[in-house]
Amino acid sequence: MVESCVGRPLFLVLGSACVAATRAKLSIRFRSKVSSVFSLRAMAKTTPSQSPSPPTPKKLRHDMELFGDVRVDNYYWLRDDSRSNPELLSYLHEENAYTDSVMSGTKQLEDHIYTEIRGRIKEDDISAPMRRGSYFYYRRNLEGKEYVQHCRCYVPTSGAPTSVYDTMPTGPDAPSEHIILDENVKALEHAYYSIGAFKVSPNNKLVAYAEDTKGDEIYTVYVIDAESGMLVGKPLVGAITSYLEWAGDDALVYVTMDEILRPDKVWLHELGTNQLDNSCLYHENDETFSLDLQASESKKYLFIASESKITRFVFYLDTSKPENGLVVLTSRVTGIDTSASHRGNHFFIKRRSDECFNSELLACPVENISATTVLLPHRPSIKLQDIQLFTDHLAVHERENGLPRITVYRLPAVGEPLERLQGGRAVDFVDPVYSVDPLESEFESGVLRFSYSSMRTPPSVYDYDMDTGVSVLKKIETVLGGFDASNYVTERQWATASDGTQIPISIIYQKNLVKLDSSDPLLLYGYGSYEICIDPTFKASRFSLLDRGFIYTIAHIRGGGEMGRQWYENGKLLKKKNTFTDFIACAEYLIDKKYCSKEKLCINGRSAGGLLIGAVVNMRPNLFKAAVAGVPFVDVVTTMLDPTIPLTTSEWEEWGDPRQEEFYSYMKSYSPVDNVKAQNYPDILVTAGLNDPRVMYSEPAKFVAKLRDMKTNDNLLLFKCEMGAGHFSKSGST
């Protein structure tokens, strides 16, 4: 039976769902549940009668002067890079205890929503098997277990070509399953456990994986025998990222970070040798650039890229001769962004510039990289997002009018000239708003694998025959608990920004509960940074809100990449405020069109989306009933002035360099910590992770402390800091 939130404290339900979601499968669902209960509670007409007093951290004046301007930070002392100051830790524990106390009255609701969310999850399940040579590889979830098993089984018909109709044999006569690695066993010794990379060697005999046991995204790399599970050589240690690839069957390439956690060095490790003898293939000395590592679909080359926010150049490494080192493929030119892949005797290069802002696709012979041919020219209305290469095909992932699409082209035989591509076949999708992402596919096949979902369609894995156009569903995520997609409506609306720009909004609601007369509660989500596309995907935890009459919406605001490169350019640097005013315009549109009222409008965002939430509650606090800011980047000026903080130097091309007065003044005008005012604020929930390397826990802590000191009403302000986690909350499935 669906429980209505009518007459219930909306803040109570949204808060309880948030807290409950922290215990539900996957950290993202955890966040959704916490947001859900908090949103529900936010709609409350009353608050608990005997609420405890919130913590009151001490004020210790700290002046920061630049360009004749003095900023006073009374809570600067909350930053402790060692995370060991007893007074600081005591304060964080006090905040957690206060949040737990305030939410204690919702325990029954939290448990109920937690049970709902868990009840939708099929715990005993496997991922869609992926064929690699003679094996099917897949991940298995076990009922009652927190982590996955990495498994494989033999392909009985391994000599036959791959087909969209291939299935992994089951039953008594099927090849036996082999568990390569059981994360549940590995995690027993750790409070936090996450595998950031799991790479099988080309000959399928070895596996290299990267392990994080703190949540700080610093990894240890292990190589094991795929059959016996025995460790091969000693682990690779240090400030290692999860960027890891095989260079043939006997060598690994990996990337390490400097003291500010910037990926700056790429290394070659030959199995059986000491890590101290590894050769550094490249060291990026420019503090605004970071390294990336990718393997070509053919596995014949590795591509090492050095990138800033506007520039990217590429080296290649021949995996058959890794000892020869790196070769320059694309040159370092400011404002030119390139990425590469390989097929046959050609490199394929995606290239973006100021003129070709949505990117073009080029090809060049491996033996003559200067002889480039334009395969797909730049198109102002279509963004070239990614490509997947096959022996005979090319799959192009694009975006148009805010939605992703896939176009498939047949390529001439290897060795024949490559010319401009024409006559591509588009893959058809059914929902009005949806998400499509590329998945690993077999290079020497005609089968493209991709994932598809919409706000009402569970994540689905399809194999697509690129010759016939036939799509075969290989797996759809099972959603238990009586889920019926036909009960939900998804749609796309467009709000008008202050400068006339049309901003897309994705919407879902339960058609039998929502009245669309301004009386419905609504949760509006936003991000709007780094050219990241927040596509309308499926999340099972979201239905704990939808089935209580909530409308769930996503504002696809500028600063993201949903509408192409210029959408991003118009929401960064000295145009960053477009991100915030776009979000406000979306909120006002939803109110005007009677999706909700101010009294029923909750907002949510995390990380850079948490900056969004912090900015808009300062700008328009009376527009929202409740706000959830997850691991929010809210102390913008102070952080961006400190190059010792991880990510700062590489972020100057995203936010601006406040060592320049123009950027300093502009950033200060929206930085949430610097713009807290003596005014009424909505109910607010803020979260943080003590070990977070992306947004230091002290930013949300200072934001909360300053809000407590200055806000002029008694609306709830809650702060939850996960003491044993990083940016992505706790590990495990529950």
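What you are looking at is a predicted structure, and each value in this text was computed from that prediction instead of being measured. Here the residue numbers are simple positions, counted from 1 along each chain's written sequence. A pLDDT threshold of at least 70 governs which residues receive local features in this predicted model, and a stricter bar of 80 or more applies before side-chain atom pairs are shown or counted, although totals over entire chains, interfaces and linings include all residues. Only hydrogens and water are set aside; all other atoms, that is, all heavy atoms of the structure, feed into the side-chain values.

**What about helix 8 (residues 577-592)?**
- Only runs of H or I of at least four residues qualify as helices and only runs of E of at least two qualify as strands under DSSP, and these elements are numbered from the N terminus. Expected helix span is given by 1.5 Å per residue-to-residue step, counting one fewer step than there are residues. Compared with an ideal rise of 1.5 Å per residue, which puts 16 residues at 22 Å, helix 8 spans 22 Å between its outermost C-alpha atoms and is within 8% of the ideal.
- Each residue's exposure class comes from its accessible area (1.4 Å probe, protein chains only) as a fraction of the maximum for that residue type: buried when under 20%, exposed when over 50%, partly exposed otherwise. Among the residues making up helix 8, those that are buried are Asn578, Thr579, Phe580, Asp582, Phe583, Ile584, Ala585, Cys586, Ala587, Tyr589 and Leu590.
- Any two residues having at least one pair of non-hydrogen atoms within 4.5 Å are treated as being in contact. Close packing links the buried residues of helix 8 with strand 31 (488-496), strand 32 (502-510), strand 33 (522-526), strand 34 (551-555), strand 35 (601-606) and helix 9 (608-619).
- Trailing helix 8 by a residue or two, Lys594 shows a phi angle of about 65°, which is positive.

**Quick look at the packing of helix 8 against helix 9**
- To get an axis, fit a line to the C-alpha atoms, keeping to the stretch in contact for a helix; angles then go from 0 to 180 degrees between the N-to-C directions. At a minimum axis separation of 10 Å, helix 8 and helix 9 run at an interaxial angle of 70°. Considering their axes alone, helix 8 and helix 9 lie roughly perpendicular with respect to each other. The hand of the helix 8/helix 9 crossing is right-handed. Together, Thr579, Phe580, Thr581, Phe583 and Ile584 of helix 8 and Leu611, Leu612, Ile613, Ala615, Val616 and Met619 of helix 9 make up the contact between the two elements.
- The residue inventory of the contact of helix 8 with helix 9, partitioned by class, reads nine nonpolar, two polar and no charged. Every angle not falling under 35 degrees, over 145, or within 65 to 115 is termed oblique; those three ranges are roughly parallel, roughly antiparallel and roughly perpendicular. In this scheme the crossing of two helices becomes right-handed for a clockwise turn of the near helix relative to the far one and left-handed for an anticlockwise turn of less than a right angle. As a working rule, the residues Ala, Val, Leu, Ile, Met, Phe, Trp, Tyr, Cys and Pro are called nonpolar, Asp, Glu, Lys and Arg charged, and the rest polar, with Gly in that last group.

**Regarding the UniProt feature "domain: Peptidase S9A N-terminal" (unreviewed entry) in the protein chain**
- This chain's UniProt record puts "domain: Peptidase S9A N-terminal" (unreviewed entry) on residues 54-474.
- Taken end to end, residues 54-474 is 8% helix and 42% strand, and its first and last C-alpha atoms sit 51 Å apart. UniProt positions are given in the numbering used here, feature names are shortened, and annotations may be inferred rather than shown by experiment.

**Examining the sheet that holds strand 11 (residues 236-246)**
- Strand order in this open sheet of seven strands is 8-9-10-11-12-13-14, and the pairing throughout is antiparallel. Of all the strands in the sheet, just strand 8 (194-200) and strand 14 (279-283) have a single pairing partner and so form its edges. The average angle at which neighbouring strand axes cross in this sheet is 30°, direction not considered.
- Pairing between two strands requires that DSSP report at least two bridges joining them. Pairing analysis gives four bridges linking strand 11 to strand 12 (residues 251-257), with the strands arranged antiparallel. Opposite Trp246, over in strand 12, you have Leu252 as the bridge partner.

**Here we look at the pairing of strand 19 (residues 337-343)**
- Extensive coverage of strand 19 is indicated by the burial of seven of its seven residues.
- By the alternation rule, side chains of strand 19 split into Asp337, Ser339, Ser341 and Arg343 and Thr338, Ala340 and His342, which are all buried.
- The pairing of strand 19 with strand 20 (residues 346-352) spans seven bridges and is antiparallel. Among the inter-strand pairings, Ser341 is bridged to a residue of strand 20, identified as Phe348.
- In sequence, strand 19 turns back onto strand 20 through a hairpin of two residues, with Gly344 there showing a positive phi of about 60°.

**Details of the nonpolar core**
- Residues Leu92, Leu524, Phe583, Leu590, Ile603 and Phe624 are the most contacted members of the largest nonpolar core, which totals 90 residues.
- Residues contacting Leu590, with those up to four places away along its chain left out, are Ile505, Ile507, Leu522, Leu524, Thr553, Tyr595 and Cys596.
- Formed by 16 residues, the second largest nonpolar core is a distinct cluster that contains Leu291, Leu293, Leu302 and Phe315. Residues belong to one nonpolar core when they are buried, are Ala, Val, Leu, Ile, Met, Phe, Trp, Tyr or Cys, and are joined through side-chain atoms within 4.5 Å.

**Remarks on the packing of aromatic side chains**
- Note on aromatic contacts: the rings of Phe and Tyr and the six-membered ring of Trp form a pair at centre separations within 6.5 Å, being stacked when their planes are under 30 degrees apart, edge-to-face when over 60 apart, and tilted otherwise. Across all of its chains, the model carries 26 aromatic pairs by this definition.
- When the centroid spacing of 5.8 Å and the interplanar angle of 70° are considered together, the rings of Phe313 and Phe315 count as edge-to-face. The pair formed by Phe313 and Phe315 is uniform in burial state, with each residue classed as buried.
- Ring plane angle 15° and centroid distance 5.8 Å describe the contact between Phe483 and Tyr488, whose orientation is recorded as stacked.

**A closer look at the pattern of salt bridges**
- Here, a salt bridge means any Lys or Arg side-chain nitrogen found within 4 Å of an Asp or Glu carboxyl oxygen. Applying the stated criterion to the full structure yields 48 salt bridges.
- Across the pair Asp100 and Lys720 runs a salt bridge whose closest N-O atoms are separated by 3.3 Å. Pair noted here: Asp100 is in helix 3 (residues 86-102) and Lys720 is in strand 38 (residues 717-722), with a separation of 620 residues, a long-range link.
- With its nearest N and O atoms 3.2 Å apart, the salt bridge here joins Glu651 to Lys309. Placement of the pair is Glu651 in helix 11 (residues 648-655) and Lys309 in the loop between strand 16 (301-307) and strand 17 (312-318), with a sequence separation of 342 residues.
- Relative accessible area serves as the criterion here: at 8%, Glu651 is assigned to the buried category.

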